[in-house]
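Per-entry structural report
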Amino acid sequence: MNEGGDFYRRGNSRRRMRLHGRHVFYGKSIFREKKRRGGLSGIFFSLMLLLALMPVQRIQAQEAAAPDRGITINVYNWGEYIANGTDDSLDVNAEFTRRTGIRVNYTTFDSNESLYSKLVGGGADYDVIIPSDYMVSKLIHENMLAELDFSNIPNYQYIDGSFRNPDYDPENRYSVPYTWGVVGLFYNTDYIEEEITSWSALWDERYAGKILMFDNPRDSFAIAQILLGQSLNTTDENDWLEAVALLKQQKPLVQAYVMDRIFDKMESEEAWIAPYYSGDAAILVDNSENIRFVVPEEGTNYFVDAMCIPATSVHKAEAEAYINFLCDPEIAGENMNYVGYSTPETAAKAYMDQEMVASPVHYPDEEILARTQVFVNLPEDTGKLIDRLWAEAKMGGPGESAVLVAIILGFLAVYIAIIVGKRRRRKRELA
């Protein structure tokens, strides 16, 4: 690891690994397959495979299936964010149903904002949701979460103390942490030969047209704020104006504002440098020998996704049973082997692939964690300010926004003139 926290060829994916067809960290990591081809005997290989599969077999060999209780809970989670039986993983939801007799209707979302819109719209009733830290804070503030009965969640005892009473849920009444991670930089060493240690690399004119940036305001603003020495949760309008000015300076250098498309663009070498989440590191670094992941020396965002129950849940006790099940160390370990993100339970690491446990991508040292900040929900007026400034940053500033509006209005005027002209001609023809 270098001064800025440079990590090498280890990792897994948070939500999109299966889209790339990767087999990592469940007895099938690329790293280990290379070692196997290097000369393990057939007997030793078989033994290793047997040991790798033991946790799943042990889970599956437990008590007989519970009778169907006639209850279905609705779980809303990020895509590719739970083990589902593929790639030799445990099917977590099926195992929960087998043990409890409670069925699971599992659907996914792609952003915290999508989750929020669905909840506010009232179009669906959910029993368990898994938002990120700042969205948990927002939902608490708007009285949209149910207070948890921890007597129904005894496995909460396994959640490490450092994850209790977080800033986004200071009294620990509404949430239980599910995963965590940090934001860092990916860069291609074929094109960027110097060692990257700073977020300022995203403003380096040598990489103009080869830089990717987050396509969401909190993550993008956070990078500018960290460079400026600001709090990620500032409510000072001047801070946000200073941060947006920095993002506007960067815009001419940015090839695209993206989320999932980072993988295709970095792997195809269309882009050379991009920020993203640590849990997704393996998609790039395991597939490409020329891509590294670094946590910049100025610091970064530390995020937590947490399990919550909406205030509208009609199966609260069953939802708490589901959260308790996911907190079982063995289940949590098997689940994280597939998901690829970091667990808030030390006890779960005994059931995880030890390469992942030892990886500094998934478990950064205390020096790096000491330089992190967590998002919390911001006041409504600050949120509106961020939305406006983000639109300006992507457009290039108020001037360009005004030009775009003028162009749209011009096209609209021409369209209306054409329609009016056609109607007048029709009236003349009918006269």
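The coordinates are above.
So, here's what we can say about the structure. By convention here, each chain's residues receive numbers from 1 onward along its written sequence. The predicted origin of the model limits local features to residues at a pLDDT of at least 70 and limits the giving and counting of side-chain atom pairs to 80 or more, whereas totals for whole chains, interfaces and linings rest on all residues. Only hydrogens and water are set aside; all other atoms, that is, all heavy atoms of the structure, feed into the side-chain values.

1. Side note on helix H11 (residues 329-339)
A large share of H11 lies buried, amounting to 11 of its 11 residues. Under the rule applied, a polar contact is a pair of N or O atoms within 3.5 Å (in protein, one hydrogen donor and one hydrogen acceptor; residues adjacent in sequence only if both atoms are side-chain atoms). Secondary structure elements are taken from DSSP: a helix is a run of H or I of four residues or more, a strand is a run of E of two residues or more, and numbering for both begins at the N terminus. The N-cap residue of H11 is Asp328: its side-chain oxygen and the backbone nitrogen of Glu330 are 2.9 Å apart. Think of it in three bands: with a 1.4 Å probe and only protein chains considered, a residue is buried below 20% of the maximum accessible area for its type, exposed above 50%, and partly exposed in between.

2. Some thoughts on the sheet that holds strand S4 (residues 128-129)
A pair of strands is considered paired only if DSSP assigns at least 2 bridges between the two. An order of S3-S2-S4 is seen for the 3 strands of this open sheet, with the pairing classed as parallel. The sheet terminates laterally at strand S3 (103-109) and S4, the two strands that pair on one side only. Pairing of strand S2 (residues 72-78) with S3 involves 7 bridges; the strand directions are parallel. Paired with Ile73 across the bridge in S3 is Val104. Any pair of residues with heavy atoms lying within 4.5 Å of one another is described as a contacting pair. All axes are obtained by fitting lines to C-alpha atoms, using only the stretch in contact for helices, and the reported angles, taken between N-to-C directions, cover 0 to 180 degrees. Contacts from helix H3 (residues 92-100) reach S2 and S3 within the one sheet, and its direction differs from that of S3 by about 155°. Seen against the sheet, helix H4 (residues 112-121) touches S2, S3 and S4 and runs at an angle of roughly 145° to S2.

3. Some remarks on the packing of aromatic side chains
Centres within 6.5 Å are what make two rings of Phe, Tyr or Trp a pair, Trp counting through its six-membered ring; a difference in plane orientation under 30 degrees is then read as stacked, over 60 as edge-to-face, and the rest as tilted. Considering all chains together, one arrives at 23 aromatic pairs under this definition. Relative to Tyr302, the ring of Trp180 lies with its centre 5.5 Å away and its plane at 35°, an arrangement referred to as tilted. Of the two residues, Trp180 is situated in strand S5 (residues 176-188) and Tyr302 in strand S10 (residues 300-307); the sequence distance between them amounts to 122 residues. On the numbers, 5.6 Å between centres and 85° between planes, the contact of Phe263 with Tyr276 is edge-to-face. Of this pair, Phe263 sits in helix H8 (residues 262-267) while Tyr276 sits in strand S8 (residues 273-277), and the two are 13 residues apart along the sequence. Take Phe263: its relative accessible area is 2%, and that puts it in the buried class. In this structure an aromatic cluster arises from ring pairing among Tyr81, Tyr178, Phe214, Phe263, Tyr276, Tyr277, Phe303 and Tyr341. A cation sits over an aromatic face here: Arg218 above Phe375, 4.4 Å from the ring centre. By definition, being over a ring means that NZ of Lys or CZ of Arg is both within 6 Å of the ring centre and within 35 degrees of the ring normal. Lying over the aromatic face of Tyr363, Lys349 brings its terminal NZ or CZ to 4.2 Å of the ring centre.

4. Section: the packing of helix H7 (residues 237-250) against helix H14 (residues 380-395)
Viewed as axis vectors pointing N to C, H7 and H14 meet at an angle of 20°, and their least axial separation amounts to 10 Å. Overall, the two elements H7 and H14 adopt an arrangement that is roughly parallel. Every pair of crossing elements has a handedness; the one defined by H7 and H14 is right-handed. Facing H7, whose interface residues are Glu237, Trp240, Leu241, Val244, Leu247 and Lys248, H14 presents Thr382, Leu385, Ile386, Arg388, Leu389, Trp390, Glu392 and Ala393. Class assignment for the residues of the contact of H7 with H14 results in 9 nonpolar, 1 polar and 4 charged. Here is the rule for angles: anything less than 35 degrees is roughly parallel, anything more than 145 is roughly antiparallel, 65 through 115 is roughly perpendicular, and the remaining ranges are oblique. Less than a right angle of anticlockwise turn of the near helix away from the far helix marks a crossing as left-handed, whereas a clockwise turn marks it as right-handed. Ten residue types, Ala, Val, Leu, Ile, Met, Phe, Trp, Tyr, Cys and Pro, are classed as nonpolar, four, Asp, Glu, Lys and Arg, as charged, and the remainder, Gly among them, as polar.

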